[in-house]
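What follows is each chain in one-letter form.
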Amino acid sequence: AIAIVSLPGAFERTKQRATMSDMRTISKALEIYRADTGHYPANGQGMSQLVLLLIPYQTSVLPSNDAWKHPYTYSTDNVDSYSIESFGKDGVDGVDVSYSTRFEFDRDIVLANGLFSASPET
């Protein structure tokens with residue numbers, strides 16, 4: 001009975017970790033793009049457009065949606081910084097996740113300039 005109660009939480013934690021892994025992969029492709037072109041892709045693009053633009057800079061298929069099937073968001077200042085964000089299980093922009101709130105799966109995960117600024121591990 002205890003295992004059945006904790007099973008949904010384990011599934012959500014797996015989705016959280018998969019989302020973070022995907023965000024790292026997208027970030028690596030962005031860094032390679034910048035090294036090649038001298039800048040990050042323009043702001044205002046949808047994730048599906050960004051994924052198509054980054055195809056030559058990644059050996060595997062880049063995801064445009066997080067593990068909860070919501071699109072990632074990408075933003076940049078068009079100079080030297082960018083961020084990728086997952087709005088979590090509910091898909092709504094809200095409060096960022098932290099280590100103390102790591103089991104609140106509706107919270108947002110944020111990766112900025114290659115490092116997580118909001119994650120369940122920090």
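All figures in this text were calculated on a predicted structure; none of them were measured in a lab.

Engineer: How would you summarise the overall build of the protein chain if you had to cite specific residues and measurements?
Structural biologist: A count of helical and extended segments in the protein chain gives two helices and four strands. The N-to-C order of helical and strand elements in the protein chain reads α-α-β-β-β-β. Summarising its shape, the C-alpha atoms of the protein chain cover approximately 55 × 25 × 20 Å along the three principal directions. Within the protein chain, contacts between residues at least 6 apart in sequence are counted, and of these 50% link residues at least 24 apart. Accessible surface for the protein chain amounts to roughly 6,800 Å². Of this, 58% is attributable to carbon and sulfur atoms. With 10 positive and 15 negative side-chain charges, the protein chain shows a separation of 9 Å between the mean positions of the two kinds.

Engineer: Tell me about the packing of aromatic side chains, and please be specific about residues and values.
Structural biologist: Throughout the structure, instances matching the rule amount to two aromatic pairs. Consider the rings of Y33 and Y57, whose centres lie 5.2 Å apart with planes at 75°: the pair is edge-to-face. In this pair, Y33 sits in helix α1 (residues 2-37) while Y57 sits in the loop between α2 (47-53) and β1 (73-76), placing the two residues 24 residues apart along the sequence. In this structure, R102 packs its charged tip against the face of Y99, placed 3.9 Å from the ring centre.

Rules of the game
Residues numbered from 1 in each chain as written. Predicted model: local features only at pLDDT ≥ 70, side-chain atom pairs only at ≥ 80, totals over all residues. Heavy atoms only, no water. Helix = DSSP H or I, 4+ residues; strand = E, 2+ residues; numbered from the N terminus. Contact = heavy atoms within 4.5 Å. Areas by Shrake-Rupley, 256 points an atom, 1.4 Å probe, with all protein chains shown as cover. Lys, Arg positive; Asp, Glu negative; His and termini not counted. Charge placed at Lys NZ, Arg CZ, Asp CG, Glu CD. Phe/Tyr/Trp six-rings, centres within 6.5 Å; stacked < 30°, edge-to-face > 60°. Lys NZ or Arg CZ within 6 Å of the ring centre and 35° of its normal.

Geometric values such as these leave the question of function open.
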